[in-house]
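What follows is each chain in one-letter form.
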Amino acid sequence: MVRTFYRVGDFNYCVDFRDNRNTEKLLGSSQSFKISASEAEKEPLLFELVVDDAWRPIQKGKEIGIFDCGGNNHGVYVLEDGSYQILVCDVNDNHCCLMQATSDFSSATVCLNGNENMRSFGLNNALMMMYAFSSSDKMTVLMHSSVVRKEGRGYLCLGVSGTGKSTHTSNWLKYIQGTELINDDNPVVRVFANGDIRVFGSPWSGKTPCYKNVFAEVAGFLQLKQAPYNRIERMSIVDGFAALLPSCSVMKWDRRDYVGVCDTVSKMLEQIPVFFLENLPNEEACRLSYSMLSGEKDYA
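Residues numbered from 1 in each chain as written. Predicted model: local features only at pLDDT ≥ 70, side-chain atom pairs only at ≥ 80, totals over all residues. Heavy atoms only, no water.

What follows is about the pairing of strand E2 (residues 11-17). Among the seven residues in E2, seven count as buried, and that is most of the element. Residues Phe-11, Tyr-13, Val-15 and Phe-17 of E2 are buried on one face, and the alternating residues Asn-12, Cys-14 and Asp-16, pointing to the opposite face, are buried as well. In terms of strand pairing, strand E1 (residues 2-8) meets E2 through seven bridges, oriented antiparallel. Counted as the bridge partner of Arg-3 is Asp-16 from E2. Following E1, the chain reverses through two residues before pairing antiparallel with E2; Gly-9 in that reversal takes a positive phi of roughly 60 degrees. Across four bridges, the pairing between E2 and strand E4 (residues 48-51) is parallel. Each bridged residue has a counterpart across the sheet, and for Phe-17 the counterpart in E4 is Val-51. (Buried < 20%, exposed > 50% of the residue type's maximum accessible area, 1.4 Å probe, protein only. Helix = DSSP H or I, 4+ residues; strand = E, 2+ residues; numbered from the N terminus. Pairing = 2+ DSSP bridges.)

Turning our attention to the nonpolar core. Generally speaking, soluble globular proteins have nonpolar side chains that are buried together. Formed by 41 residues in total, the largest nonpolar core has its most connected members in Tyr-13, Leu-49, Met-99, Val-110, Leu-123 and Tyr-131. For this core, the secondary structure elements donating two or more residues are E1, E2, E4, strand E5 (62-69), strand E7 (84-89), strand E8 (95-101), strand E9 (107-112) and helix H2 (116-135). Once you skip the residues sitting within four places of it in the chain, Val-110 turns out to touch Leu-49, Val-50, Val-51, Asp-52, Trp-55, Cys-97, Leu-98, Met-99, Leu-123 and Ala-126. Core analysis: the next-biggest nonpolar cluster, separate from the first, contains 27 residues, Ile-182, Ala-243, Met-268 and Ile-272 among them. (Core = buried A, V, L, I, M, F, W, Y, C linked by side-chain atoms within 4.5 Å. Contact = heavy atoms within 4.5 Å.)

With respect to the helices and strands, the residue Lys-138 is situated in the loop between H2 and strand E10 (140-142). In the structure, Lys-138 is positioned 15 residues away from Arg-153 in sequence and 22 Å away in space, judged by C-alpha atoms. Beyond its immediate stretch of four places on either side in the chain, Lys-138 contacts Phe-11 and Leu-46. At a separation of 3.1 Å, a polar atom in the side chain of Lys-138 contacts the main-chain carbonyl oxygen of Ser-134. (Polar contact = N/O pair within 3.5 Å; in protein donor to acceptor, adjacent residues only side chain to side chain.)

Buried within helix H4 (residues 237-244) we find Gly-240, Ala-243 and Leu-244. With its buried residues spanning 90 degrees around the axis, H4 presents them on a single face. For H4, exposure combined with an orientation more than 90 degrees from the buried face picks out Val-238 and Ala-242. Of the surrounding secondary structure, the elements contacted by the buried residues of H4 are strand E12 (153-158), strand E16 (215-226), helix H5 (255-269) and strand E18 (274-279). (Arc of directions from axis to C-beta.)

See below:
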């Protein structure tokens, strides 16, 4: 048995490997987030995940939906006691991981399947869901977005796959001096009790290997849409809510999770502006969005 600890978004969690086949090598993207056991003991764990290929569920739950995780559809099942079973599948519909979690996702057990790549995919997806669903009632969300940081301020680009989030942020890196990419797919956004709203890097960054253990103060959200021109406008609170909520990892059929995410989004909108950008993938678009989100008129 090997217990490993990680800190993401100022929350600690544990991965407990119970067999020799599965090790922390499956979690390569998590290495910069690893902490010692003594560090982890300073505060309660967000969740604990046990990895044990010998585990098998006693009963199969009732299917209630599918969780879309970056184009990979994971089956979600619920047991009579309210606990969840989630079957993690890759893009080829290979069964990579079966997870059974408590109703509040404070603990879970997984068994992995397939080759090393499949096992790594299954375990990382299980961890990502455990993080999102266990923290959802703690003013924290995982957001499907690409985020850049400049001078301590974070800017998040939102939109469905194919709308050019990565292209737009890569243009920021190219044309806006002093910017850096924090995460390209699933950063953590957290509202703190003192009112601070921060975005954190995470071990989950889609196809772009960007796993930085850093954070920034959230300065703005940008909803993207491809167009044959560049035009930007600030969205209303209602439209902003409609833009942000679909970008959050959420299970709509779970009241605790859904209400928590809605409350978090509402809190963010009290302070953070959301802009809608119709754009071409060019320098003008990124300079236009940066000038509006940052409030700067004279920019490098």
